[in-house]
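Report on the structure
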Amino acid sequence: MKIPILAGIAIAMVGILAIMVLGSAQPDSDQNRVRVAFFANIAHAVPIVGIENGEFASHLGDVPIQPIIVDSGPQAIEALFANSADMAYVGPSPFINGYVKSGGEGLKILSGAASNGASFVVQKDTDILSAADFAGKKIAAPSIGNTQDVSLRTFLSENGLKPAEKGGNVIVYNIANSEIFTLFAKGEIDGAWVPEPLATILVEQLGGKRLFNEEDLWPNKQFSSVLLIARSDFVEKHPEIVKRWIEAHKKTIKWINEKPRETEITFIDFYKKHTGKMLPESIVHGAFSNIIITEDANSESIRVFAERANSLGYLGRHGYNLDGAFYQAQAGV
């Protein structure tokens, strides 16, 4: 099964498509189908490759698959809560935010999908060499509450800095990846904390410098970056579909790790069909080298992300509890 593509759509249109999807939410039904939300980026290689090469279709049989391309984790969570998506691939921070806001009832983690794959990139002529140089600078990250945003704001806090809206002197822009590219190209931002492949694009196409990879800031140099999650009610109603999706998910991870060259070609083809643009092989290869495609959800890093989001005030005034966040399949299902 090929992911449906509207020819010639640019990256900037992805957010508009997501808004249209959310605006057309429809009540859930018992119809056998899977509506899955994910990003058109390399960290989401599992749903992209698995749908493109037919792995998910072969496991789901006559169950239709409806891909939903979104531009951010918070958009994917909105789609789940609006009943316009059943499953999604998102970063840990949007999942945590959604899980807590639903009182621990609305979402489940089914599996990990990727680790690492984010970097802080600065302009080639910048004087930013360390956190001490962030003062007065304009720094971009994707939408508020997404995983890179939480990491950036935590980094600022740990280094005695505050964003301007909190009385500090670091100007933080939360904007879509396409806008980050444009502002970086114009020299209107000093740096960006972004996922792949945008990090490598900023380096290879715009001459940016990768000041550090985010994993360098983590114990064991590894953190969860993409999770496979689902609405709890969908899991309860369709455990067999969920089981088959997880099986295909794991087989796709194995295929990706065994066939890196074929994976890169598949992603390049998908990206061209989806955006109308061709990503150079060097960028795709470089971006994949910064990501670990894995079913390990890295629960410890999820716990750390929850602590960070809570300290930033993203989880409300009543704290958080991640008990029950992971899906446990019933015996025999």
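Residues numbered from 1 in each chain as written. Predicted model: local features only at pLDDT ≥ 70, side-chain atom pairs only at ≥ 80, totals over all residues. Heavy atoms only, no water.

1. Some thoughts on empty space enclosed by the protein
- According to the stated counting rule, one finds 1 cavity of 30 Å³ or more in the structure shown.
- Empty space within the largest cavity amounts to approximately 190 Å³.
- Phe39, His44, Asn146, Gln148 and Pro195 are, among the 20 residues lining the largest cavity, the residues nearest its centre.
- When grouped by side-chain class, the residues that make up the lining of the largest cavity number 7 nonpolar, 12 polar and 1 charged.
- Lining the lining of the largest cavity are residues from two domains, each supplying at least three of them: domain 1 (34-116 + 222-312) and domain 2 (118-220). (1 Å grid on protein atoms, 1.4 Å probe; cavity = no way out; pocket = protein on both sides within 12 Å on 5 of 7 lines; lining within 4 Å. Points joined across faces, edges and corners; volume = space filled by probe spheres on them. Nonpolar A, V, L, I, M, F, W, Y, C, P; charged D, E, K, R; others polar. Domains from an automatic or database assignment.)

2. Focus on the packing of aromatic side chains
- Using the criterion set out here, one finds 15 aromatic pairs in the structure.
- Measuring from ring centre to ring centre gives 5.1 Å for Trp218 and Phe305, while their planes differ by 50°; the resulting arrangement is tilted. Of the two residues, Trp218 is situated in the loop between β9 (209-213) and β10 (224-231) and Phe305 in helix α13 (residues 299-311); the sequence distance between them amounts to 87 residues. We note that Trp218, like Phe305, is buried.
- Just above the ring of Trp218 sits the side chain of Arg308; from NZ or CZ to the centre is 4.4 Å.
- One cation-aromatic arrangement involves Arg308 over Phe305; the distance from NZ or CZ to the ring centre is 6.0 Å. (Phe/Tyr/Trp six-rings, centres within 6.5 Å; stacked < 30°, edge-to-face > 60°. Helix = DSSP H or I, 4+ residues; strand = E, 2+ residues; numbered from the N terminus. Buried < 20%, exposed > 50% of the residue type's maximum accessible area, 1.4 Å probe, protein only. Lys NZ or Arg CZ within 6 Å of the ring centre and 35° of its normal.)

3. Looking at the pairing of strand β8 (residues 191-195)
- In terms of burial, β8 is largely enclosed, as 5 of its 5 residues are buried.
- Pairing of strand β5 (residues 118-122) with β8, which is carried by 5 bridges, proceeds in the antiparallel orientation. Looking at β8, one finds that Ser119 is bridged to Val194.
- As judged from the 2 bridges shared by strand β6 (residues 138-141) and β8, these two strands associate in the parallel manner. Looking at the pairing, Ile139 lines up with Gly191 of β8. (Pairing = 2+ DSSP bridges.)

4. Quick notes on the sheet that holds strand β11 (residues 291-293)
- One open sheet accounts for 6 strands, arranged β2-β1-β3-β10-β4-β11; its pairing is mixed. Strand pairing shows two members of the sheet lacking a second neighbour, β2 (65-69) and β11, which therefore form its edges. Across this sheet, the average inter-strand angle for adjacent strands is 25°, counted without regard to direction.
- Lying on the sheet, helix α4 (residues 73-81) is in contact with β1 (34-38), β3 (87-90), β4 (107-116) and β10; it crosses β3 at an angle near 165°.
- Relative to β4, helix α10 (residues 239-258) is tilted by about 5°, and along the sheet it contacts β1, β2, β3, β4, β10 and β11. (Axes fitted to C-alpha atoms, helices over the stretch in contact; angles between N-to-C directions. Contact = heavy atoms within 4.5 Å.)

5. Observations regarding helix α5 (residues 92-101)
- Across the 10 residues that make up α5, a large majority, 9, are buried.
- Lining the buried residues of α5 we find α4, β3, β4, α6 (147-158), β10 and α13.
- Positive backbone phi, approximately 70°, marks Gly103, located one or two places after α5.

6. Focus: the nonpolar core
- Formed by 58 residues in total, the largest nonpolar core has its most connected members in Val34, Val36, Met87, Tyr89, Leu110, Trp245 and Phe267.
- A domain-level breakdown of this core finds at least three residues from each of domain 1 (34-116 + 222-312) and domain 2 (118-220).
- Among all residues touching Phe267, those that are not within four sequence positions of it are Ala40, Asn41, Ile42, Ile48, Leu279, Val284 and Phe288.
- If you look at the next biggest cluster of nonpolar residues, it comprises 47 residues, including Ala88, Val90, Ala141 and Val172. (Core = buried A, V, L, I, M, F, W, Y, C linked by side-chain atoms within 4.5 Å.)

7. Focus on the packing of helix α11 (residues 260-275) against helix α12 (residues 281-288)
- Interhelical geometry of α11 versus α12 gives an angle of 120° and a closest axis separation of 10 Å. By the angle class used here, α11 and α12 are oblique. Remark: the crossing between α11 and α12 carries right-handed chirality. Along its contact with α11, which presents Arg261, Thr263, Glu264, Phe267 and Ile268, the element α12 presents Glu281, Val284, His285 and Phe288. (Parallel < 35°, antiparallel > 145°, perpendicular 65-115°, else oblique. Left-handed = near helix turned anticlockwise from the far one by under 90°.)

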